[in-house]
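Fold and contact review
Chain by chain, the residues run as shown.
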Amino acid sequence: MISVKEAISIINNNIPKSKEIQLSLLDAQKHILAQDVISAINMPPFRQSAMDGYALHMHESLSYKLIGEIKAGDSHKMSLMPGEAIKIFTGAAVPDSTNAVMQIEKTSVTNEILTLNETINLNTNIRPIGEQIKANTIALSKGTKLNAAAIGFLAGLGITSVTVYKNPSVGILVTGNELVKPGNELEYGKIYESNSIMLQAALLDSGIKKCNLYEVNDDFLNTKNSIEKALKENDILLISGGISVGDYDFVKGALEELQVETLFYKVNQKPGKPLLVGKIEEKLVFALPGNPAASLSCYYIYVKPVLKKIAGELDENSSTKKEIKHDFTVNNTRSQFLKAAFLDNKVSVLSHQQSSMLNTFALANCLLHLPEGNYELKKGSKVDIYHI
Ligand code: AMP
Ligand code: MG
């Protein structure tokens, strides 16, 4: 049985190559740019008023002759002599012959004569052409993650689509005779199937908006056929359950018959010991244990970082060292991932750590990783946590 560290390193050596895709701006939300985006235009594209007020062709006196107005969106041009002014509005094009905009609150007008309440400096309240970005320069560089501001910024430059790293297609295959879809009657001996929706929700957090779902009963041939179909239709396959040593666990055998190379089977960890990771062509298969908390822990520790890397995110360390809030006794031959809460810079272990239980996982915001052994952790000791 390999260690968590070895498992992570094996996966890192087998991550499928990132692919590029052109997406419309909104579809590209949360994606990472695979190419620099160049602006075709200056922003602003013309000298622009930053205020509602008066554009002035400045001269010595504080009095100006008003000769017209330009609203936002107007395209007519005007030529002003020294001592002349026009009314202007925020976002409107400022005439070339004007050299400052006085905000309306600092003026008065009588009989088409504008009087400034105070002196004004050259270029006040005029946004110069290209102040934010010049034409033919980089608006956003390769590697930038597109948030709402980025999408707004690019749309403001007239850009409608971008080249980003493509999210892989992901399939989720659940196994188990005992599973019933929520919404149906629960017969004696059955449980509600919750892993597929839980994994879909986790995938959504990673920016995977849609995945393909498959279900199979505990039957070897059906399992094999379903896995074969799912492998054809997806780049990454998550399988839930059927990977332990029970008589009706058929996933490992099916993967072997399908020539999926086992990268590893079983990790010295709790929960999630029966995890199998396989590879066929460029595709990765994660056979996750069926117990819901084990399944989700394995997702966070092993699957999520892979999706991040394929999506072009930098190779950042996913775990960080934090102080534990209380004493804790470790007594385990396997390294543990504990549902934990990180609050006020301290981490505390939650109750209900069993791999079948999600009730406290629902309140967790991290997994606390403890190496195997028999030892006492004192309050304030540094421990490794994975933010989830
Ligand atoms: P398995 O890994 O198939 O042996 O399943 C381990 C435990 O997880 C069993 O108690 C299963 O009933 C439960 N389980 C398996 N798959 C699911 C699922 N999709 N949703 C909820 N519980 C599951
Ligand atoms: Mg099962």
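Preceding this paragraph is the structure being described.
Numbering of residues starts from 1 in every chain and runs along the sequence as written. Here chains are named by letter from A upward and ligands by number from 1 upward, in the order in which they appear as written. Two thresholds apply to this predicted model, a pLDDT of at least 70 for residue-level local features and 80 or more for giving and counting side-chain atom pairs, whereas whole-chain, interface and lining totals are computed over all residues. Hydrogens and water molecules were not included; the side-chain quantities draw on all heavy atoms of the structure.

1. What to know about the overall build of the protein
Counted only if it meets this: The numbering of helices and of strands both runs from the N terminus, where a helix is a DSSP run of H or I of at least 4 residues and a strand a run of E of at least 2. Restricting the calculation to C-alpha atoms gives the radius of gyration, and the globule rule supplies 2.2 Å times the number of residues raised to the power 0.38. Only protein chains enter the area calculation, which uses a 1.4 Å probe; residues under 20% of their type maximum are buried, those over 50% are exposed, and those in between are partly exposed. Two residues form a contact once any of their heavy atoms are found within 4.5 Å. Residue burial considers only the protein chains on display, and all accessible areas are found by Shrake-Rupley using a 1.4 Å probe. In summary, the charge assignment counts Lys and Arg as positive and Asp and Glu as negative, without counting His or the chain termini. Where a charge sits is defined by one atom per residue type, namely NZ (Lys), CZ (Arg), CG (Asp) or CD (Glu).
Scanning the protein from N- to C-terminus turns up 6 helices and 28 strands. The C-alpha atoms of the protein give a radius of gyration of 31 Å, which is well past the 21 Å a tight globule of 388 residues would have. In terms of overall dimensions, the protein has a C-alpha envelope of 95 × 50 × 45 Å along the principal axes. Put simply, the protein has 388 residues, and 45% of those count as buried. Considering only residue pairs separated by 6 or more positions, the protein has 67% of its internal contacts joining residues 24 or more positions apart. Carbon and sulfur atoms provide 51% of the accessible area of the protein, an area that totals close to 19700 Å². Here the protein contributes 40 positive and 41 negative side-chain charges, whose respective centroids are spaced 3 Å apart.

2. As for the site of ligand 1
Note the following rule: Residues are counted as near a molecule or strand when any one of their heavy atoms sits within 4 Å of it. Counted as a polar contact is a pair of N or O atoms within 3.5 Å, where, for protein atoms, one must be capable of donating a hydrogen and the other of accepting one, and residues adjacent in sequence contribute only when both atoms are in side chains. Throughout, the ten residues Ala, Val, Leu, Ile, Met, Phe, Trp, Tyr, Cys and Pro are labelled nonpolar, Asp, Glu, Lys and Arg are labelled charged, and all others, Gly among them, are labelled polar.
Near ligand 1 there are 16 residues, and of these Glu178, Glu193, Ser194, Gly242 and Gly290 occur at the shortest range. Separating a nitrogen atom of ligand 1 from a side-chain N or O atom of Glu193 is a distance of 2.9 Å. Gly290 has a polar backbone atom sitting 2.9 Å from an oxygen atom of ligand 1. The fraction of the free accessible surface of ligand 1 (490 Å²) that becomes covered by protein chains is 78%. Elements represented by at least two residues in the shell around ligand 1 include exactly strand S13 (170-175) and strand S15 (191-192). Among the residues making up the shell around ligand 1, the classes are represented as 5 nonpolar, 8 polar and 3 charged.

3. Let's talk about the nonpolar core
The condition is simple: For this analysis, a nonpolar core means a set of buried residues of the types Ala, Val, Leu, Ile, Met, Phe, Trp, Tyr and Cys, connected via side-chain atoms within 4.5 Å. Where each domain begins and ends is defined by an automated method or by a domain database.
Of all hydrophobic cores here, the largest spans 41 residues; its most connected members are Leu203, Leu238, Phe264, Phe286, Tyr299 and Tyr302. Going through the elements one at a time, helix H1 (4-12), S13, helix H3 (195-205), strand S17 (236-240), strand S18 (261-265), strand S21 (283-288), helix H6 (292-310) and strand S24 (335-343) are the ones with two or more residues in this core. Per element, the largest residue contribution to this core is 11 residues, and it comes from H6. Three or more residues apiece are contributed to this core by two domains, here domain 1 (4-19 + 167-310) and domain 4 (320-387). If we ignore the near neighbours within four places in the chain, the residues touching Phe286 are Ile11, Ile236, Leu237, Leu238, Ile239, Leu276, Val277, Tyr302, Val303 and Val306. Ile243, Val251, Leu255 and Val260 belong to the second largest nonpolar core, which has 18 residues in total.

4. A few points about the packing of aromatic side chains
Let me state the cut-off plainly: Aromatic pairs are defined between Phe, Tyr and Trp rings, using the six-membered ring for Trp, whenever the two ring centres lie within 6.5 Å; interplanar angles under 30 degrees are classed as stacked, those over 60 as edge-to-face, and all others as tilted.
Overall, the coordinates contain 6 aromatic pairs when judged by the stated rule. Residues Phe337 and Tyr386 carry aromatic rings whose centres are separated by 5.8 Å and whose planes lie at 70° to one another, so their mutual orientation is edge-to-face. One end of the pair, Phe337, is in strand S24; the other, Tyr386, is in strand S28 (residues 382-387), and 49 residues separate them in sequence. For the pair Phe337 and Tyr386, a shared accessibility class is recorded, and that class is buried. Among the aromatic side chains, those forming a connected cluster through ring pairs are Phe220, Tyr248 and Phe250.

5. A look at the environment of Asn291
Considering the arrangement of structural elements, one finds Asn291 in the loop between S21 and H6. Take Asn291: its relative accessible area is 37%, and that puts it in the partly exposed class. In the structure, Asn291 is positioned 32 residues away from Gln259 in sequence and 26 Å away in space, judged by C-alpha atoms. When near neighbours in sequence (up to four residues on either side) are disregarded, Asn291 contacts Ser355 and Ser356. Within the structure, the side chain of Asn291 is placed 3.4 Å from the side chain of Ser355, a separation counted as a polar contact.

6. Side note on the packing of H1 against H6
Definition in use: Here the axes come from fitting lines to C-alpha atoms, over the contacting stretch only for helices, and the angles between their N-to-C directions go from 0 to 180 degrees. Reported orientations rely on four angle classes, namely roughly parallel under 35 degrees, roughly antiparallel over 145, roughly perpendicular from 65 to 115, and oblique for the rest. Crossing handedness is defined as follows: a turn of the near helix away from the far one that is anticlockwise and smaller than a right angle gives a left-handed crossing, while the clockwise case is right-handed.
Running from N to C, H1 and H6 point in directions that differ by 30°, and their axes come no closer than 11 Å. Between H1 and H6, the interaxial angle falls into the category roughly parallel. In this structure, the crossing between H1 and H6 has a hand that is right-handed. On H6, the residues that touch Val4, Ala7, Ile8, Ile11 and Asn12 of H1 are Ile301, Tyr302, Val306 and Lys309. Broken down by class, the residue content of the contact of H1 with H6 amounts to 7 nonpolar, 1 polar and 1 charged.

7. A few points about the sheet that holds S21
Inclusion rule: Pairing between two strands requires that DSSP report at least two bridges joining them.
Taken in spatial order, the 6 strands make up an open sheet running S16-S13-S17-S21-S20-S18, and their pairing is mixed. Looking at which strands have only one partner, the edges of the open sheet turn out to be strand S16 (212-216) and S18. Strand-to-strand, the axes of this sheet are offset by a mean angle of 20°, without reference to chain direction. Set on the sheet, helix H4 (residues 220-233) makes contact with S13, S16, S17, strand S20 (276-280) and S21; between it and S16 the angle comes to about 170°.

8. Overview of the environment of Val330
Within the element layout of this structure, Val330 appears in strand S23 (residues 328-332). Owing to a relative accessible area of 1%, Val330 belongs among the buried residues under this scheme. Sequence-wise, Val330 and Gly241 are 89 residues apart; in three dimensions their C-alpha atoms are separated by 28 Å. Filtering out sequence-adjacent residues up to four positions away, Val330 remains in contact with Gln336, Leu370, Pro371, Gly373, Asn374, Tyr375 and Leu377.

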